[in-house]
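This is what each chain is made of:
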Amino acid sequence: MAIVKPFKGLRTPSQEVCEELACLPYDVMNSEEAAQMAAGKPRSLLHVTRAEIDCPAGTDIHSETVYNKSVENFNMFQEKGWLVQDEEAKFYIYAQTMDGRTQYGIVGCAACEDYMNGIIKKHELTRPDKEEDRMILTRYVKANLEPVFFAYKAVPEIDAIVEEIVKSKKADYDFVAEDGFGHHFWAINCPETNKRLEELFATKVPYTYVADGHHRTAAAARIGAEFKSKNPNHNGTEEYNFFMAVHFPDHQLKIIDYNRVVKDLNGLTEEQLLAKLGEHFTVEDMGTEIYHPAKLHEFSMYLGGRWYKLTAKPGSYDDNDPIGVLDVTILSNHVLADILDIQDLRTSKRIDFVGGIRGLGELKRRVDNGEMKVAFALYPVSMEQLINIADTGNIMPPKTTWFEPKLRSGMVIHKI
C-alpha cells in the first residue's frame with residue numbers, strides 16, 4: 001500500500017504573495033522565457049528554480065554559480081517572509097480549473113522507498129542528465145521546490161473528504177493565472193482529517209502512478225538514498241525519505257493529445273506517401289478545414305495544405321498488447337519507421353512533438369511555413385491505458401501523454 005503523509009509545508013502567507021510567487025514548472029520554458037515570466041516579479045519562484053535569470057548573461061545553467069544563486073534567493077524569500085513554514089504537519093488540497101473542469105489533488109509526501117520498490121509506478125523512461133540537474137538543485141536548497149503529479153485509483157472516502165472541505169472552507173489561495181487556468185488551494189488544519197487521509201492511502205491505495213514528473217520523482221528518490229547513506233543515525237523518519245507530490249484521483253484526470261511534425265518525406269512525393277499509407281490505413285481526404293481524430297486508431301494528417309483522416313486497418317495493431325494497441329505505436333511502426341525512416345524518436349532531428357494544448361492550428365502553421373513537411377495528430381491516450389501500461393511493467397513510447405494544466409510551483413514547498 002502507498003505511503004502518503006502530511007508535512008510542514010513552506011508556503012506564502014497571503015493570496016497576494018502567492019499570485020506573484022507561484023510559477024510554471026522549470027522544464028516548460030527556456031532561460032529567456034523564464035526571464036520574461038519573472039520580469040517585474042521579484043517574488044516569483046523562478047528566481048529559485050531558474051536562478052540563471054539573476055546571473056550574468058551566458059552563465060552555464062548547470063554551473064555552481066547558478067545553484068548558489070538558487071540557495072541565496074531561496075534563503076532571501078524566507079528571510080523576507082515570502083515563504084513561511086507551517087508549524088504542524090498537514091495535507092493540502094490543490095485544485096486546478098481548465099475549460100470549466102476542475103480536478104482536486106491531495107498534496108502530501110510520497111515515500112522514496114515506494115518508488116524503489118514499485119509501489120509508485122512509472123510509464124516513461126528517464127534520462128540521467130535531466131535527473132542529475134534536479135538532484136543537484138535539491139541537494140543545494142534541501143527542499144522539493146516543485147511537486148510531482150501523481151494519480152491513484154479513486155477512493156470514494158477520499159473524494160468525500162475533499163468535497164466536504166472545498167464546499168465548506170474558504171480557499172487559502174484562489175486565483176486565475178495569466179494563462180487563464182484557475183488555481184485553488186486549501187490547507188487541511190483538522191488533525192483528525194489529516195490522520196484519516198493518511199490511513200485511507202495506507203489501506204485503500206495499493207499503488208500510485210507518476211502522471212507527470214518522472215525525472216523529478218527519480219531525482220527525489222535518489223536524493224533520499226544519498227542523504228540516507230550519509231546519515232549514520234538514519235531511522236527512516238527523516239524528511240529526506242519523502243518527497244512532495246499532488247495525488248489526483250484517476251477519474252478526474254484528462255490526458256490531451258501529443259502530436260508529431262516531420263521535416264521531410266524521406267525522399268517521397270506527397271502522392272507516394274499517400275499510396276504507401278494505404279497499406280495499413282484507410283485514407284480519406286477531409287479538405288482544407290482542420291480535422292480532429294474522433295476515436296482510438298484514427299489519425300489526422302496535414303499534408304500539402306489538406307487534412308486527411310487515417311484509420312488504422314485491423315491487423316496493424318494488437319488489442320491484447322498494452323503497448324501494441326497504442327496509437328503512438330501504430331504511427332511509429334507503420335508510418336514514422338517503415339515509411340519515413342525515423343527509427344529513434346528520442347534522437348532523430350527530423351521529428352518534433354507538439355502538445356495538444358497548442359491546438360492543431362500549430363501543426364498547420366509549422367507545415368504551411370515550410371519548417372515541416374507533414375503533421376500527424378493523435379487521439380489522446382486514456383488514463384485507463386496509462387494505468388494498464390504501468391501495472392504491467394511496460395513503458396510508453398516517448399512523448400505519449402500530455403497533462404494540462406501544469407502544477408504551479410510555489411503553492412507549497414517541502415523542506416528535507
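As the structure is a computational prediction, the values presented were derived from the model and not from experiment.

> Can you lay out the pattern of salt bridges for me, pointing to particular residues and giving the numbers?
Here the structure, examined in full by the defined rule, presents 29 salt bridges. Residue Glu226 is joined to Arg139 by a salt bridge in which the shortest nitrogen-to-oxygen separation is 2.7 Å. With a gap of 87 residues between them, Glu226 in helix 9 (residues 214–229) and Arg139 in helix 6 (residues 128–141) connect regions that are remote in the sequence. Among the charged side chains, a salt-bridge network with shared partners connects Arg11, Asp86 and Asp172.

> So what's going on with the sheet that holds strand 16 (residues 298–303)? Which residues, and what values?
Strand order in the open sheet made by the 6 strands is 15-17-16-19-14-18, with antiparallel pairing throughout. Looking at strand neighbours, the two that pair on one side only are strand 15 (281–287) and strand 18 (351–355), the edges of this open sheet. Adjacent strand axes in the sheet meet at a mean angle of 25 degrees when their direction is disregarded. Contacts from helix 11 (residues 327–337) reach strand 14 (258–262), strand 15, strand 16, strand 17 (306–312), strand 18 and strand 19 (374–378) within the one sheet, and its direction differs from that of strand 19 by about 155 degrees. Across the sheet, helix 12 (residues 360–368) lies against strand 14, strand 16, strand 17, strand 18 and strand 19, angled at about 170 degrees from strand 19, the strand it touches most.

> Just give me the short version of helix 13 (residues 383–391), but keep the residues and values in it.
Buried residues of helix 13: Met383, Gln385, Leu386, Ile387, Ile389 and Ala390, and no others. Following helix 13 by one or two positions, Gly393 has its phi on the positive side, about 75 degrees.

> Outline empty space enclosed by the protein, supporting the account with residue identities and numerical values.
For the structure on display, the rule yields 3 cavities of 30 Å³ or more. Estimated volume of the largest cavity: approximately 180 Å³. Surrounding the largest cavity, 13 residues form its lining, Thr138, Asn144, Leu145, Glu146 and Arg216 being those nearest its centre. Roughly 40 Å³ of volume is contained in the second largest cavity. Lining the second largest cavity, in full, are Asp257, Tyr258, Asp327, Val328, Leu378, Tyr379, Pro380, Val381 and Thr400. Among the residues forming the lining of the second largest cavity, the class breakdown is 6 nonpolar, 1 polar and 2 charged.

> Now, about the layout of surface pockets: what can you tell me, with residues and values included?
Each pocket or cavity is described by its volume, and for the second largest pocket that value is around 220 Å³. In this structure, the second largest pocket is lined by 14 residues; those nearest its centre are Cys112, Glu113, Lys228, His234 and Asn241. At the level of elements, helix 5 (112–116) and helix 9 are the ones that each hand at least two residues to the lining of the second largest pocket. Examining the composition of the lining of the second largest pocket, we find that 4 residues originate from one element, helix 9, more than from any other.

> Describe the packing of aromatic side chains, with residues and values.
Within the structure shown, the criterion is met by 15 aromatic pairs. Centroid distance Tyr67 to Tyr140: 5.3 Å. Interplanar angle 25 degrees. Geometry classified as stacked. Note that Tyr67 is positioned in helix 4 (residues 64–79) and Tyr140 in helix 6, a separation of 73 residues in sequence. What makes Tyr67 buried here is its relative accessible area of 5%. Judged by relative accessible area, Tyr140 falls into the partly exposed class, the value being 28%. Ring geometry for Tyr258 against Trp402: centres 5.1 Å apart, planes inclined by 85 degrees, an arrangement best described as edge-to-face. On the criterion of sequence distance, the pair formed by Tyr258 in strand 14 and Trp402 in strand 20 (residues 402–403) is long-range, its members being 144 residues apart. Note on Tyr258: relative accessible area 11%, which makes it buried. Taken together, the ring pairs in this structure connect Phe7, Tyr92, Tyr94, Tyr173 and Phe185 into an aromatic cluster.

What counts and how
- Residues numbered from 1 in each chain as written.
- Predicted model: local features only at pLDDT ≥ 70, side-chain atom pairs only at ≥ 80, totals over all residues.
- Heavy atoms only, no water.
- Salt bridge = Lys/Arg side-chain N within 4 Å of Asp/Glu carboxyl O.
- Helix = DSSP H or I, 4+ residues; strand = E, 2+ residues; numbered from the N terminus.
- Pairing = 2+ DSSP bridges.
- Axes fitted to C-alpha atoms, helices over the stretch in contact; angles between N-to-C directions.
- Contact = heavy atoms within 4.5 Å.
- Buried < 20%, exposed > 50% of the residue type's maximum accessible area, 1.4 Å probe, protein only.
- 1 Å grid on protein atoms, 1.4 Å probe; cavity = no way out; pocket = protein on both sides within 12 Å on 5 of 7 lines; lining within 4 Å.
- Points joined across faces, edges and corners; volume = space filled by probe spheres on them.
- Nonpolar A, V, L, I, M, F, W, Y, C, P; charged D, E, K, R; others polar.
- Phe/Tyr/Trp six-rings, centres within 6.5 Å; stacked < 30°, edge-to-face > 60°.

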